[in-house]
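Here is what each chain is made of, one letter per residue.
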Amino acid sequence: MKWKKRVTVLFAILMVFAVSSVVYGHDVPDLEKEGSITVSMTYSERPVSGGTLTLYRVGDVVSDDGDYSFVLSEEFAGSRLSLDDIQSDQLAKQLASYAKENRLDGVTGSIGSSGKILFQKVKPGLYLLVQSQAADGYLAADPFLVSMPVQKDGVYFYDVDASPKTELEKAPAEPTPTKPAPSKLPQTGQLNWPIPVLAAAGLTLCVIGWRLHAGSRRDGHEN
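Residues numbered from 1 in each chain as written. Predicted model: local features only at pLDDT ≥ 70, side-chain atom pairs only at ≥ 80, totals over all residues. Heavy atoms only, no water.

## As for the overall build of the protein chain
The number of helices and strands found in the protein chain is three helices and twelve strands. Only carbon and sulfur atoms are counted for the fraction: they give 55% of the accessible area of the protein chain, which is about 16,800 Å². (Helix = DSSP H or I, 4+ residues; strand = E, 2+ residues; numbered from the N terminus. Areas by Shrake-Rupley, 256 points an atom, 1.4 Å probe, with all protein chains shown as cover.)

## A few points about the environment of P164
The topology assignment puts P164 in the loop between β12 (159-162) and α3 (194-222). We classify P164 as buried; its relative accessible area is 14%. Between the C-alpha atom of P164 and that of A141, which follows or precedes it by 23 residues, the distance is 6.9 Å. Other than its neighbours up to four places away in sequence, P164 contacts V39, S40, M41, A141 and F144. (Buried < 20%, exposed > 50% of the residue type's maximum accessible area, 1.4 Å probe, protein only. Contact = heavy atoms within 4.5 Å.)

## What to know about helix α2 (residues 89-101)
Look at α2: 18 Å from first C-alpha to last across 13 residues, which is about the 18 Å you get at 1.5 Å a residue. Among all positions in α2, only L91, A92, L95, A96, Y98 and A99 are buried. Viewed along the axis of α2, the buried residues span an arc of 160°, placing them on a single side of the element. In α2, the exposed positions that point more than 90 degrees away from the buried face belong to K100 and E101. Trailing α2 by a residue or two, R103 shows a phi angle of about 50°, which is positive. (Expected span 1.5 Å × (residues − 1). Arc of directions from axis to C-beta.)

## Section: the nonpolar core
Across soluble globular proteins, you tend to see nonpolar side chains buried next to one another. Residues I37, V39 and L129 are the most contacted members of the largest nonpolar core, which totals 23 residues. Elements with a contribution of two residues or more to this core: β1 (35-40), β4 (52-64), β7 (116-122), β8 (125-133), β9 (144-148) and β12. Other than its neighbours up to four places away in sequence, I37 contacts L55, I117, L118, F119, V122, Y127, L129, V146, M148 and V160. One finds Y56, L72, L91 and V130 within the second-largest nonpolar core, a separate group that totals 16 residues. (Core = buried A, V, L, I, M, F, W, Y, C linked by side-chain atoms within 4.5 Å.)

## Considerations on the side chain of T54
Mapped onto the elements of the fold, T54 is located in strand β4. Judged by its relative accessible area of 5%, T54 is buried. Reaching out from T54, the side chain makes a polar contact with the side chain of T108 at a distance of 2.8 Å. If near-sequence neighbours (up to four positions away) are discounted, T54 is found in contact with G106, V107, T108, L128, L129, V130 and S132. (Polar contact = N/O pair within 3.5 Å; in protein donor to acceptor, adjacent residues only side chain to side chain.)

## With respect to the confidence of the model for the protein chain
Averaged over the protein chain, the pLDDT score is 79; the fraction of residues at 70 or greater is 66%. Confidence drops under pLDDT 50 across residues 3-25; counting only partners more than four residues distant or on other chains, this segment forms zero contacts. (pLDDT = per-residue confidence, 0-100.)

## As for the packing of aromatic side chains
Within this structure, the stated rule accounts for three aromatic pairs. Residues Y56 and F76 carry aromatic rings whose centres are separated by 6.2 Å and whose planes lie at 80° to one another, so their mutual orientation is edge-to-face. Residue Y56 is found in strand β4, and its partner F76 is found in the loop between β5 (67-72) and α2; the two are separated by 20 residues along the sequence. We note that Y56, like F76, is buried. (Phe/Tyr/Trp six-rings, centres within 6.5 Å; stacked < 30°, edge-to-face > 60°.)

## Here we look at unusual backbone geometry
The linkage connecting M148 with the following residue, P149, adopts the cis geometry, with an omega of 5°. Here D153, not a glycine, exhibits a phi torsion of approximately 55°, which is positive. On the secondary structure map, D153 appears in the loop between β10 (150-152) and β11 (155-157).

## A short note on a nonpolar patch on the surface
A contiguous nonpolar surface patch, about 240 Å² in accessible area, is contributed by V28, L31 and Y68. Topologically, Y68 is positioned in strand β5. (Patch = residues over 30% accessible without salt bridge, like charges linked within 9 Å, V, L, I, M, F, W, Y side chains within 5 Å. Salt bridge = Lys/Arg side-chain N within 4 Å of Asp/Glu carboxyl O.)

## As for the environment of L145
Relative to the assigned elements, L145 resides in strand β9. For L145, a relative accessible area of 16% corresponds to the buried category.

Below you can see the structure in the form of structure tokens.
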């Protein structure tokens, strides 16, 4: 029976060691470490350059017994919005409206020829990205949220690649202005062709009148 007790104790020790290994092997975010956010703008899988993006810090990271979540940053606390669902498109739009209405400052940068923009020295938190100026020929992207760092397979990454949830849309083409048709004078029934005819008729009448006048003078001399 002693060997059974020894096996049981050994098994318990191994289980404790295994659990401890899992606990201590789990990655935790370094809230003091700075990272970066790279945003790619595309249309039909092709990069779109031009325009600007503005980055706002909307949430701070908080820890609750090893669980991490976001609370509104000091600048956005007045919005009283919940950050429970950071995947919500409506939440991003509400935060963008609050930033615009309250004229909050963000970090604005231009989108390069590669269709990308890089924000550096970004501290851990939740960020809102707003396209403050659209690229020529395109509509502005909808606001969207990005967290830094991001967790993948239990590991935190501090250099984040992000892009809008949907591709950019082409701006509707402006209608080509049409030239007004040249105005036409109203027809009065008078055409151009009678003018030469009337001129010739008038000349003929003059000749007839001259001949009649000359004939009458000749008759008067004969009398």
